[in-house]
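If you want the building blocks of each chain, they are given just below.
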Amino acid sequence: MSELLSVQGLETQFRTREGIVHAVNGVSFGLKEGETLGIVGESGCGKSVTVMSMLRLIPSPPGKVSAGKALFQGKDLLKMSDDEIRHIRGSQISMVFQDPMTSFNPVLTIGRQVSEPLEVHLGMNRKQADDRVVEMLTKVGIPNPRDRLNDYPHQFSGGMRQRVMIAMALVCTPQILIADEPTTALDVTIQAQIVELAKRIRDDLGMAIIWITHDLGVIAGLADRLAVMYGGYIIETAPIRDVYAHPSHPYTLGLLGSLPRMDESGQRRLVSIDGLPPVLLEKPNFCPFAPRCKYVVERCWKENPPLMQVSPDHTAACWVNPETGRER
Amino acid sequence: MAANEVLLNVVDLVKHFPIMKGVLIQKQVGAVHAVDGVSFDIVKGETLGLVGESGCGKSTTGRAILQLHRPTSGSVFYEGKDLVKLKGESLRKTRRRMQMIFQDPYASLNPRMTVGQIITEPMLIHDMTTQKDTQGHAERLLKLVGLNPAYTSRYPHEFSGGQRQRIGIARALALEPALIVCDEPISALDVSIQAQVVNLLEDLQAKLGLTYLFIAHDLSMVRHISDRVAVMYLGIIVELTTRDELYSHALHPYTQALLSAVPIPDPAIEANRKRIILTGDVPSPVNPPSGCRFRTRCPIAAEICKQIKPEFREVSPGHWVACHMV
């Protein structure tokens, strides 16, 4: 599999009244064709900002992508003209947002909104576009799609609306689908429906997916690789099974320990991570997790650890090996 | 559990919200059947989990128990007294023993009051303290929930979500309640903070002998914290039993589907899991389906489910279920 997307040293800041917020601090990752990459982290860790920066969806001002590259098929998305990037967004890379309620235009029909990318990117006429939309809505499991073309977003339920959003993202058969917490606003039974749908469509169309979530449960059954973010950094990345079997960063370890599990009998006290997530007003010159870390050593306060290889294909940004408790 | 003494007994609780139409003369044209005949007991010292999807009536049940929504019919017996019949002063006095922790730690604290005022206001209302003693009480309560006692004169906006939830818990504890209704107390918090709050709730229960009604949609967290679990669907309880029984031998098809939909944070297990995927959405509570309410999405629904409402019956000791097919 060849590398489809390569993000290198991405940095994004926001100017606010309190100062400059360092939301993303040098994030690098790659995405291969047909691969599903999960990005996990808590609110404010920079996971959404990373992909928004990549697609140039950060409003500027106050935001600014100050460094880095995002190579898509060899071309840097960050250096493209507005026209060029517009041709890529929605046709080759498309996005599904968290809140299916606020991401549709309430005064346009579903048919109109889902067919828009086809008319803009592929130059289809209304009739051709409608046929393609019906085909796509069928694929995502909307009953009687032809009758529903003239319905408005409020006439759909939350789960159905998220299906329509996925259909809209997929009409131009993109190479990359970015899903930003697509199931967070949904109930578990509906979430299971959407995850099943994403898997089926991925296998049908063979596209790559970046799935952003805070839920280590949902992503476990879906992703090939996982990148864990904290305080604007990727702090661990590995094939999905490695992350769960051998978490190599204390934060990942803490997150897994703080989750109660459905398949667990008996009562175990949850391992909580003390303290609070960092305020990103200063770019720290020490490890951003150090103030909450159980394994902290002197070096953590002096140098911010880079991503280091812990085993082939598995990297973690920590001076300490949490399995032994000793410095690497 | 203290000798299985029943603390709260809910009998056939119903709460309908009227739907009005008309500009000058309002007429009732229908009702949202939010809670439609719910019965259960809560034993002293236990945690009863109440789970279900959004809109199933679990929060309304919690509020109707505390009489924050006056029930349409039914009874709520607390230590033998029917709260539904109580009014004014006598209701207020009984309610002191029942407190609530809310979901949204941002909306449930008054931004213009200091933390000390927020925590001690209920004590002043119930004449449990005097103005000059409030400082001491506030400090004691903050310490109890793991916050720095020096924070009494700060305002809510100076705290993070998890800390605010601790303030909400301190306020609930101020009146020394026996029962606390926790209405999705952790849903708005980040994963690493959720564990902190849940651990605190467990510690307080052990220390103060509290009884919890824990309302949530996160089935893994409910499994973690509850002794018994009730599953709600569209205004009724479909299954009620002990935690271990529910998670190992769920009988109702809805419970089974709900449990199978919950992801397990382990890729090796997830790869081989079979899911029961329910089709469609929850029907509208304005016009719930006839017979069994789950029949429109049920994989094993039969003719009888359309016509007759299944009775909520005890199929084995302590295991209640409402389904014709069990």
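From a predicted model like this one, the values you see are computed outputs, not experimental measurements.

(A) Spatial organisation of the overall build of chain A. Of the regular secondary structure elements, chain A holds 10 helices and 14 strands. Reported as C-alpha extents along the three principal axes, the dimensions of chain A are approximately 65 × 50 × 40 Å. Counting over 328 residues, chain A shows a buried share of 48%. Taking the contacts inside chain A whose residues are at least 6 apart along the sequence as the reference set, 63% of them involve residues at least 24 apart.

(B) Structural context of the overall build of chain B. Secondary structure assignment for chain B yields 11 helices and 12 strands. Taken over the C-alpha trace, chain B has a radius of gyration of 21 Å; the compact-globule value for 326 residues is 20 Å, and the two agree within 12%. Here the C-alpha coordinates of chain B stretch approximately 70 × 60 × 45 Å along the principal axes. Going through the 326 residues of chain B one by one, you find that 44% of them count as buried.

(C) Fine view of the environment of A:D82. Residue and element names in this part refer to chain A. Topologically, D82 is positioned in helix α2 (residues 82-88). Judged by local crowding, D82 falls into the exposed class, with 7 C-beta atoms found within 10 Å. Taking the C-alpha atoms as reference points, D82 and R56, separated by 26 residues in sequence, lie 9.1 Å from one another.

(D) Representation of the sheet that holds strand β10 (residues 233-239) of chain A in the model. Residues and elements named next belong to chain A. A sheet is described by the order of its strands in space; here 8 strands give the open sequence β6-β7-β8-β3-β9-β10-β12-β11, paired in mixed fashion. Sheet topology places β6 (93-96) and β11 (308-311) at the edges, where each strand pairs with a single neighbour. Strand-to-strand twist in this sheet, taken as the mean axis angle between neighbours without regard to direction, amounts to 20°.

(E) Just the packing of helix α6 (residues 158-170) of chain A against helix α7 (residues 188-205) of chain A, in detail. Residues and elements named next belong to chain A. Contact geometry of α6 with α7 gives a least axis separation of 10 Å together with a crossing angle of 20°. Here α6 lies roughly parallel to α7, going by the angle between them. As for the relative orientation of α6 and α7, their crossing is right-handed in sense. Facing G158, G159, Q162, R163, I166 and L170 of α6, the residues of α7 in contact are I190, Q193, I194, L197 and I201. Tallied by class, residues from the contact of α6 with α7 come to 6 nonpolar, 4 polar and 1 charged.

(F) Broad picture of the confidence of the model for chain B. Across chain B, the average pLDDT comes to 91, with 99% of residues at 70 or higher. The ipTM assigned to the predicted complex is 0.80, against a pTM of 0.86.

(G) Up close: unusual backbone geometry. The step from A:S60 to A:P61 runs through a cis peptide bond, and the omega angle for that step is -15°. Relative to the helices and strands, A:P61 is located in the loop between α1 (47-54) and β4 (63-72). Residue A:P62 follows A:P61 across a cis peptide bond; omega there is 5°. Looking at the element boundaries, A:P62 is found in the loop between α1 and β4. Positive phi is not limited to glycine here, since B:D12 has a value of about 50°. One can find B:D12 in strand β1 (residues 6-21).

(H) Spotlight on the environment of A:M165. All names here are of chain A. Note that M165 resides in helix α6. Taking the C-beta count within 10 Å as the criterion, M165 has 28 such neighbours and is therefore assigned buried. Between the C-alpha atom of M165 and that of P100, which follows or precedes it by 65 residues, the distance is 7.1 Å. Discounting chain neighbours no more than four positions away, the residues touching M165 are V96, F97, P100 and S103.

(I) Region of interest: helix α6 (residues 191-208) of chain B. Look at α6(B): 26 Å from first C-alpha to last across 18 residues, which is about the 26 Å you get at 1.5 Å a residue. Where the residues of α6(B) are buried, they touch α10 (250-257) of chain A together with α5 (161-173), β7 (179-183) and α7 (219-225) of chain B. Positive backbone phi, at 65°, marks B:G209, one or two positions downstream of α6(B).

(J) Quick peek at the pairing of strand β2 (residues 27-43) of chain B. All names here are of chain B. Looking at chain direction, β1 and β2 are connected through 13 bridges and run antiparallel. Note on β2: the bridge partner recorded for M20 is Q28. Here β1 folds back onto β2 in antiparallel fashion, the turn holding 5 residues, of which G22 has a positive phi close to 110°.

(K) Broad picture of the sheet that holds β1(B). Residues and elements named next belong to chain B. Spatially, 4 strands are ordered β2-β1-β4-β5 in an open sheet, and the strand pairing comes out antiparallel. Each having just a single partner strand, β2 and β5 (81-82) make up the two edges of the open sheet. In this structure, β1 lies alongside strand β4 (residues 73-78), joined through 5 bridges in antiparallel fashion. Each residue of the ladder has a partner; that of L8, found in β4, is Y78.

(L) Inspection of the interface of chain B and chain A at higher detail. At the junction of the two partners, chain B supplies 36 residues and chain A supplies 36 residues. Broken down by element, the side of chain B that touches chain A gets its largest block of residues, 7 residues, from α6(B). Of the residues contributing to the side of chain B that touches chain A, the split by class is 19 nonpolar, 9 polar and 8 charged.

(M) Expanded view of the environment of A:P305. All names here are of chain A. The topology assignment puts P305 in the loop between α10 and β11. In sequence terms P305 and L37 are 268 residues apart; their C-alpha atoms lie 23 Å from each other. Residue contacts for P305: discarding those within four places in its chain leaves C287, A317, C318 and W319.

(N) Structural view of the pairing of β10(A). Across the 7 residues of β10(A), 6 count as buried, placing the element largely inside the fold. Here strand β9 (residues 225-230) of chain A hands over to β10(A) after 2 residues, with A:G231 in that stretch at a positive phi of 55°.

(O) Geometry of helix α9 (residues 253-261) of chain B. Turning to α9(B), its buried residues number three or more, namely B:P253, B:Y254, B:T255, B:A257, B:L258 and B:A261. The inward-facing, buried residues of α9(B) abut α7 of chain A together with α7, β9 (228-233), β10 (236-242) and α8 (243-248) of chain B.

(P) Spatial organisation of the nonpolar core. Grouped together as the largest cluster of nonpolar side chains are 181 residues, with contacts concentrated most on A:A167, A:I176, A:I210, A:I235, B:L213, B:F214 and B:V231. A total of 8 residues in this core trace back to one element, the largest contributor, which is α6(A).

Cut-offs used in this document
- Residue numbers restart at each chain and count upward from 1, following the sequence in its written direction.
- The order in which chains are written sets their letters, starting at A; the order in which ligands are written sets their numbers, starting at 1.
- It should be noted that, the model being predicted, local features are given only for residues of pLDDT at least 70 and side-chain atom pairs only at 80 or more, the latter also being counted only at that level, while totals for whole chains, interfaces and linings use all residues.
- Working definition: helices are DSSP H or I runs of at least four residues, strands are E runs of at least two. Numbering for both runs from the N terminus.
- To sort residues by burial, count the other C-beta atoms lying within 10 Å of each one's C-beta; a count of 20 or more means buried, 12 or fewer means exposed, and anything in between means partly exposed. C-beta atoms are built from the backbone.
- Contact between residues is assigned whenever the C-beta positions, reconstructed from backbone atoms, fall within 7 Å.
- Values of the radius of gyration come from C-alpha atoms, whereas the globule rule sets the reference at 2.2 Å times the count of residues to the power 0.38.
- By this definition, two strands are paired if DSSP reports at least two bridges between them.
- To get an axis, a line is fitted to the C-alpha atoms, and for a helix only the part in contact is used. The angle between two axes follows their N-to-C directions and goes from 0 to 180 degrees.
- With respect to orientation, any angle under 35 degrees is reported as roughly parallel, any angle over 145 as roughly antiparallel, any angle of 65 to 115 as roughly perpendicular, and every other angle as oblique.
- Two helices crossing with the near one rotated counterclockwise from the far one by less than a right angle form a left-handed crossing, whereas a clockwise rotation gives a right-handed crossing.
- Each residue receives one of three labels: charged for Asp, Glu, Lys and Arg, nonpolar for Ala, Val, Leu, Ile, Met, Phe, Trp, Tyr, Cys and Pro, and polar for the others, Gly being one of them.
- Confidence of the prediction at every residue is given by pLDDT, a number between 0 and 100.
- One less than the number of residues in a helix, times 1.5 Å, gives the span that helix is expected to have.
- When buried Ala, Val, Leu, Ile, Met, Phe, Trp, Tyr and Cys residues are joined through C-beta atoms within 7 Å, the set is termed a nonpolar core.

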